[in-house]
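Chains, contacts and geometry: an overview
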Amino acid sequence: MLISFTERGFYCAQGDFYIDPWKPVSRAVITHAHADHAYRGHGHYLAHHVSGPVMRLRLGADISLETIEYGEKRYINGVELSLHPAGHIPGSAQVRLAYKDEVWVISGDYKTEDDGLCTPFEPIRCTHFVTESTFGLPLFRWRPQQDVMAELLHWIQSLAAEGRNAFIHAYSLGKAQRLIRALHQAGVPILVHGSVRNTNKALLEAGLNIPDPPMVTAQQHIAPGTVIIAPASAAESSWTKRFEPFGEAAASGWMALRGTRRWMNAERGFALSDHADWDGLRAAVLATGATNVYVTHGYAALFSRYLQEEHGLNAQVVRAQFTGESADMREEEAS
Amino acid sequence: MKQFARLIAALDQTTSTTKKKDALVQYFREAPEADRVWTIALFTHRRPRRSVNTTLLRAWAGAEAGIPAWLVDECWHIAGDMSECLAALLPAGTNTCSMSLAECMDEIGSWKSRDTEEVREAVLGIWRGLERHERFVFNKLITGGFRVGVSQQLLVQSLARLLNLEDAVVSLRLAGNWSPQSTSWQELLHDERSDDARLYPFYLAYPLEQELSQLGTPEEWFVEWKWDGIRGQLVSRGAQVHLWSRGEELISAQFPELSQEAALAGLEAVIDGEILAWSEDKPLPFQALQTRLGRKQVSAAALKKAPVVLLAYDLLEWEGADIRNRPHQERRALLEALVQRVNHPVLRLSPLVSFESWQELKSLHAQSREQQAEGFMLKQRHAPYQTGRRKGSWWKWKTDPYTVDAVMIYAQRGHGRRAGLYTDFTFAVYDAQRNLVPFTKAYSGLSDDEFATINRWIKDHTIERFGPVCSVEAQLVFEIAFEGIGASKRHKSGVAVRFPRILRWRRDKTLAEINTLDDLRVLIGG
């Protein structure tokens, strides 16, 4: 087998490199810049162009990093390597590896809905497919992004009418930009937390065309109806005093469940995820044509059983230290 | 359904009492009359009996959605709520159903007399016509267990505001036996009903939060033991005796020794008290009473094994008159006279604890467990009998819980509000051979930060996984609190605890320092 599942991560012995390893290795191919996939301490990194500046921001300006374009091919000791859009966040990639008669696709995190921000997900034919399963249950089926955004806007307007601001918890990388883009188009005034601003700067540097709203500062006058976007961890600090009074909402796939909405204690929850939902995961797996499917983080046992029994695939659970979108949003996938 | 579903959404989306009240008032102003009566019935637990077998519902939803039965069950466990689970699994609906709440309830009521195939058609037809949130509400209506975060008090206050009535008046009118099928809005809220079973809203105590000295002088207070039974209101008007639970459910049938006792009939009185299993002049442990709860019919054996008494502590109606506004000491005097006159062993007086000083009361409090009580009730001598949970004239002063140190050995993924995280833990103590024996599960008591830290720890220290459960290395020690403990044949450990919860994470303790099964057995004796 071209890939083995080791305690450091997914290892390609033929090419002597790892994909998204969680312990230090000499050569790492990175699917995307979220902290649970792009760890510190590797000798050399290979990633997509757009991931470059964010990885330098988070892992250090001095890392040894090579970036490539989607579809661009690299040959490493006979292994053909290329990156393909995963639609998860800007720069996120599926890693395709071909050697002899095996074609592997390691998809990292992905979503199948076009969010208008990232290059949309592309299904890649392969013999072995590694898939996440963060929302791998039929409980999770996202409504179209525009419907969720319309509901969000309605909530923001009702807060504005009460003279309040809207504080939205969102991961700094990915979710934040997705919200900013939609709300900016709707003409809503936006302020962001420092970690979101820094991420925006890195993405602008990577050549992305995104709005760049200002940071919340201590003295500024904030008009009611302003949206403040920050990671959930900021919600517990006195930082939020600057834009009182406000209503609070979380934007996460977990908000699809009434129970988690209550647990997060946010006034409102909007089910908006950068991960594929049930229909997305199923469609993605089937579109690869792969007969061997390896299911990582999420509802892995249930999703692989479903693929075995309902689709006759050779599906199995693979342990990996990825967290995906955590139900505890302070646990960082992203920021 | 649409209006009612919108109300449920509005109530669900806010934690503010004011906003909930606004939403309720607006709904009661706009909704059709029959829907309003049904809404009050649903919010006061006057639901009709579950009309559809839930196994069938899951099967129908699974078939409609093309999802295998085992996966429907897994989803149900993870969502923690079958209504929500099925609403999420079903394919998108047409959103064309225009049934009112009352029409919907009538439809549901008609299913009792129809065969399964007809009911299946009806359920699927309605599911297809609803959008997701309406389906959730509809599923709640057909499966029961309708909790929406509306307290009785909130409902009463909203109706009182709408109708410009006193809270207490509304409260009294909503109490007792009435059915939404046969009661109109006018009859329910505007007419004086003659109803011999009518109960008074219970007065509920708050936990004592201040120093005893802040209550004033000891002479101003009655103190009783806080009994570990269930609260009950005995209504004796005419020839009938009715017994109500704190949840305002009629429980007469469960306690025939009270409701069928001739000596308690015709008193023209309403008594508030505690129902306890009782033998040889003292209460039996709560476990004995438990064998009597929630049954339609009580067996002769159960009646013999766990006979009950009513320990009376207040008198709300006397000689047909509502005396709740009279001072407690007057009510108490009348109650004492009444109990004496009845002179029957099933009606006992909850004795007053005599004490000279707060200091003395404190030392008596330490003896609660020996008295088989959970602490004290403190009641202001001059206060009227109030409605609902209010601070001021009644306080409950509970004993400190039992605590033991135990080690976490299993973790289970939570469901409902904590889906996706490990939140349900199983704890073990040592037996005599130093083997770890699980003795309880506990869910609550940790902060969100602690949950997050422990979740990360679990990922690195899992030994084995089976379904949603994993076994973890026995390392993390927790202090577990519980209210009661008894011997149990059903549990491997031989003990069963009541209301277990995590008191704190003992990062300072190691596995070697946890308690033993013998330590637990000693507590049963005490």
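Being a predicted model, the structure only gives us computed values, none of them experimental.

Side note on the overall build of chain B
Within chain B, the regular secondary structure consists of 19 helices and 22 strands. In summary, chain B has a C-alpha radius of gyration of 26 Å against a globular reference of 24 Å for 526 residues, a match within 12%. Viewed in the frame of its principal axes, chain B has a C-alpha envelope of about 70 × 70 × 45 Å. In chain B, buried positions account for 36% of the 526 residues. A separation of at least 24 residues holds for 70% of the contacts in chain B among residues at least 6 apart in sequence.

Overview of the overall build of chain A
Across its full length, chain A holds 7 helices and 18 strands. The C-alpha radius of gyration computed for chain A amounts to 20 Å, which stays within 12% of the reference 20 Å derived for 335 residues, consistent with globular compactness. With respect to the three principal axes, the spread of C-alpha positions in chain A is 65 × 45 × 30 Å. Taken across its 335 residues, chain A has 55% of its residues classed as buried. When contacts within chain A are restricted to residue pairs at least 6 apart in sequence, those whose partners lie at least 24 apart make up 58%.

Here we look at the sheet that holds strand β4 (residues 27–29) of chain A
Residue and element names in this part refer to chain A. The strand order across the open sheet formed by 6 strands is β1-β2-β3-β4-β5-β6, and the pairing between neighbours is mixed. In this open sheet, the two edge strands, each paired with only one partner strand, are β1 (3–5) and β6 (65–68). Averaged over all neighbouring strand pairs, the angle between strand axes comes to 25 degrees, with direction disregarded. Across 3 bridges, the pairing between strand β2 (residues 10–12) and strand β3 (residues 17–19) is antiparallel. For Cys 12, the partnering residue across the bridge sits in β3 and is Phe 17.

Notes on the nonpolar core
As a rule of thumb, soluble globular proteins bury nonpolar side chains together. Grouped together as the largest cluster of nonpolar side chains are 199 residues, with contacts concentrated most on Leu 139 and Ile 229 of chain A together with Cys 75 and Leu 89 of chain B. Top element by residues in this core is strand β8 (residues 308–318) of chain B. It accounts for 9 residues. With near-sequence residues (within four places) excluded, Cys 75 of chain B lies in contact with Leu 137, Pro 138 and Leu 139 of chain A together with Cys 85 and Leu 89 of chain B. Counting residues in each nonpolar core, the second largest holds 24 residues, with Tyr 422, Ala 442, Phe 482 and Ile 485 of chain B among its members.

Some thoughts on helix α4 (residues 54–65) of chain B
All names here are of chain B. End to end, α4 covers 16 Å across 12 residues, agreeing with the expected 16 Å (1.5 Å per residue, within 8%). Turning to α4, the residues buried within the fold contact α5 (69–79), α6 (82–89), α8 (116–129) and α9 (132–143). Trailing α4 by a residue or two, Gly 66 shows a phi angle of about 70 degrees, which is positive.

As for the confidence of the model for chain B
When pLDDT is averaged along chain B, the result is 88, and 96% of the positions lie at 70 or above. Complex prediction metrics read pTM 0.73 and ipTM 0.90.

Here's the deal with the sheet that holds strand β13 (residues 394–398) of chain B
Residues and elements named next belong to chain B. Taking strand neighbours across the sheet as the criterion, the 4 strands line up as β2-β13-β11-β3 in an open arrangement whose pairing is mixed. Edge positions in the open sheet fall to β2 (206–207) and β3 (221–227), since each of these has one partner strand only. Relative to strand β11 (residues 373–380), β3 runs antiparallel, the two sharing 6 bridges. Paired with Trp 221 across the strands is Gln 380, a residue of β11.

Examining helix α3 (residues 175–185) of chain A
Residue and element names in this part refer to chain A. Of all 11 residues making up α3, 8 are buried, and the element is well covered by its neighbours. Within α3, the full set of buried residues consists of Lys 175, Ala 176, Gln 177, Arg 178, Leu 179, Ile 180, Ala 182 and Leu 183. Buried residues belonging to α3 abut α2 (145–161), β12 (165–169), β13 (190–192), α4 (194–205), β14 (227–230) and β15 (246–251). Immediately downstream of α3, the backbone of Gly 187 shows phi near 80 degrees, a positive value.

Side note on unusual backbone geometry
Going from Glu 244 of chain A to Pro 245 of chain A, the amide bond is cis rather than trans, its omega being -10 degrees. Relative to the helices and strands, Pro 245 of chain A resides in the loop between β14 and β15. Look at Asn 164 of chain B: it is not a glycine, yet its phi comes out positive at around 60 degrees. Structurally, Asn 164 of chain B is set in the loop between α10 (152–163) and α11 (167–174).

Side note on the pairing of β12 of chain A
Residue and element names in this part refer to chain A. Judged by how many residues are buried, β12 sits mostly within the fold: 5 of 5 residues are covered. The alternating pattern of β12 places Asn 165, Phe 167 and His 169 and Ala 166 and Ile 168 on opposite faces, both of which are buried. Alignment of β12 against β15, held across 5 bridges, turns out to be parallel. Across the sheet, residue Ile 168 finds its bridge partner in β15, namely Ala 249.

Comments concerning the environment of Phe 10 of chain A
Residues and elements named next belong to chain A. You can see Phe 10 is positioned in strand β2. Its 23 C-beta neighbours within 10 Å are what place Phe 10 among the buried residues. Sequence separation of Phe 10 and Ile 229 is 219 residues, and the distance between their C-alpha atoms is 34 Å. With residues up to four places along the chain from it excluded, the contact list for Phe 10 reads Ile 3, Phe 5, Tyr 18, Ile 19, Asp 20 and Ile 106.

Considering the packing of α10 of chain B against α11 of chain B
All names here are of chain B. In contact at an axis separation of 8 Å, α10 and α11 are set at 115 degrees when each is read in the N-to-C sense. The way α10 lies across α11 gives a crossing that is right-handed. For the pair α10 and α11, contact is made by Val 156, Gln 157, Leu 159 and Ala 160 and by Asp 167, Val 170, Ser 171 and Leu 174, respectively.

With respect to the packing of α4 of chain B against α8 of chain B
All names here are of chain B. In the contact formed by α4 and α8, the axes pass within 11 Å of each other and the chain directions differ by 55 degrees. By the angle class used here, α4 and α8 are oblique. Two packed elements cross with a definite hand, and for α4 against α8 that hand is right-handed. Contacts from Leu 56, Trp 60 and Glu 64 of α4 reach α8 at Thr 116, Arg 120, Val 123 and Leu 124. Per-class residue counts for the contact of α4 with α8 are 4 nonpolar, 1 polar and 2 charged.

A few points about the environment of Leu 137 of chain A
Positionally, Leu 137 of chain A belongs in the loop between β11 (128–133) and α2. C-alpha of Leu 137 of chain A to C-alpha of Leu 302 of chain A: the two residues are 165 residues apart in sequence and 7.7 Å apart in space. What Leu 137 of chain A contacts, discounting residues up to four positions off in sequence, is Trp 278, Tyr 299 and Leu 302 of chain A together with Cys 75 and Ile 78 of chain B.

The rules behind each value
- For every chain, the first residue of the written sequence is number 1, and numbering continues from 1 onward in sequence order.
- To read the labels, note that chains go from A and ligands from 1, taken in the order they are written.
- A pLDDT threshold of at least 70 governs which residues receive local features in this predicted model, and a stricter bar of 80 or more applies before side-chain atom pairs are shown or counted, although totals over entire chains, interfaces and linings include all residues.
- Segments assigned H or I by DSSP are reported as helices when at least four residues long, segments assigned E as strands when at least two residues long, and all are numbered from the N terminus.
- A radius of gyration in this sense is built from C-alpha atoms; the matching globule rule multiplies 2.2 Å by the number of residues raised to 0.38.
- Each residue is classed by its C-beta neighbour count within 10 Å, where at least 20 other C-beta atoms makes it buried, 12 or fewer makes it exposed, and intermediate counts make it partly exposed; the C-beta atoms are placed from backbone geometry.
- By the convention adopted here, residues make contact when the C-beta atoms placed from their backbones lie within 7 Å.
- Two strands are counted as paired when DSSP detects at least two bridges linking them.
- Note on method: axes are straight lines fitted to C-alpha atoms, helices fitted across the in-contact stretch only, with angles between N-to-C directions ranging 0 to 180 degrees.
- In these notes, a nonpolar core means any group of buried Ala, Val, Leu, Ile, Met, Phe, Trp, Tyr and Cys residues linked to one another through C-beta atoms within 7 Å.
- Multiplying 1.5 Å by the residue count of a helix minus one yields the expected span of that helix.
- Confidence scores per residue from the predictor, reported as pLDDT, run from 0 to 100.
- Each crossing is labelled by how the near helix is turned from the far one, with a counterclockwise turn of less than a right angle marking it left-handed and a clockwise turn marking it right-handed.
- To sort the angles, those under 35 degrees are grouped as roughly parallel, those over 145 as roughly antiparallel, those from 65 to 115 as roughly perpendicular, and the leftovers as oblique.
- Under the convention adopted here, Pro, Cys and the residues Ala, Val, Leu, Ile, Met, Phe, Trp and Tyr are nonpolar, Asp, Glu, Lys and Arg are charged, and Gly plus all remaining residues are polar.

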